[in-house]
Amino acid sequence: MSSKAKRVLPTRPEPPSVEQILADVRGTHPADPVFLLPAEPRRDHGPSPGSPGPTRQEAAAEERERLYRQSRSYVEMNQQLQESRERLRERREELRRAGAALERGISEMRQKAF
């Protein structure tokens, strides 16, 4: 017969608080890839050689459009993050309930064994 040593698993740490998360986010570098918006593909390939570039009004309109698309992208990402956060919160609660049920089952088995 072989005897196996009983392993004691470490307890799982508590999830970080909102304050800790905010402190981590505030402490990140502005160029952190997680917080950068994806580069937008250019729609045009610039003026053809020999043709004049865009006028000031066209350039301003293009910049407004670019900023608008960037803002929309940010809002969409923010919505996705909020939805993901809610799904994670629900899963965490499911896991907590499953863990509690497991603990009850283990306790019942121990009581029956002794």
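The rules behind each value
- Residues numbered from 1 in each chain as written.
- Predicted model: local features only at pLDDT ≥ 70, side-chain atom pairs only at ≥ 80, totals over all residues.
- Heavy atoms only, no water.
- Helix = DSSP H or I, 4+ residues; strand = E, 2+ residues; numbered from the N terminus.
- Buried < 20%, exposed > 50% of the residue type's maximum accessible area, 1.4 Å probe, protein only.
- Salt bridge = Lys/Arg side-chain N within 4 Å of Asp/Glu carboxyl O.

Some thoughts on the overall build of the protein
Part 1 of the reasoning: Of the regular secondary structure elements, the protein holds two helices and zero strands.
Part 2 of the reasoning: Split into buried and exposed, the 114 residues of the protein put 0% on the buried side.

Brief notes about the pattern of salt bridges
Part 1 of the reasoning: One pass over the structure, following the stated rule, counts six salt bridges.
Part 2 of the reasoning: In this structure, Glu 65 and Arg 69 form a salt bridge, with 3.5 Å as the shortest nitrogen-oxygen distance. Highlighted residues: Glu 65 and Arg 69, both in helix H2 (residues 56–113), separated by four residues, approximately one helical turn.
Part 3 of the reasoning: With a relative accessible area of 25%, Arg 69 lands in the partly exposed category.

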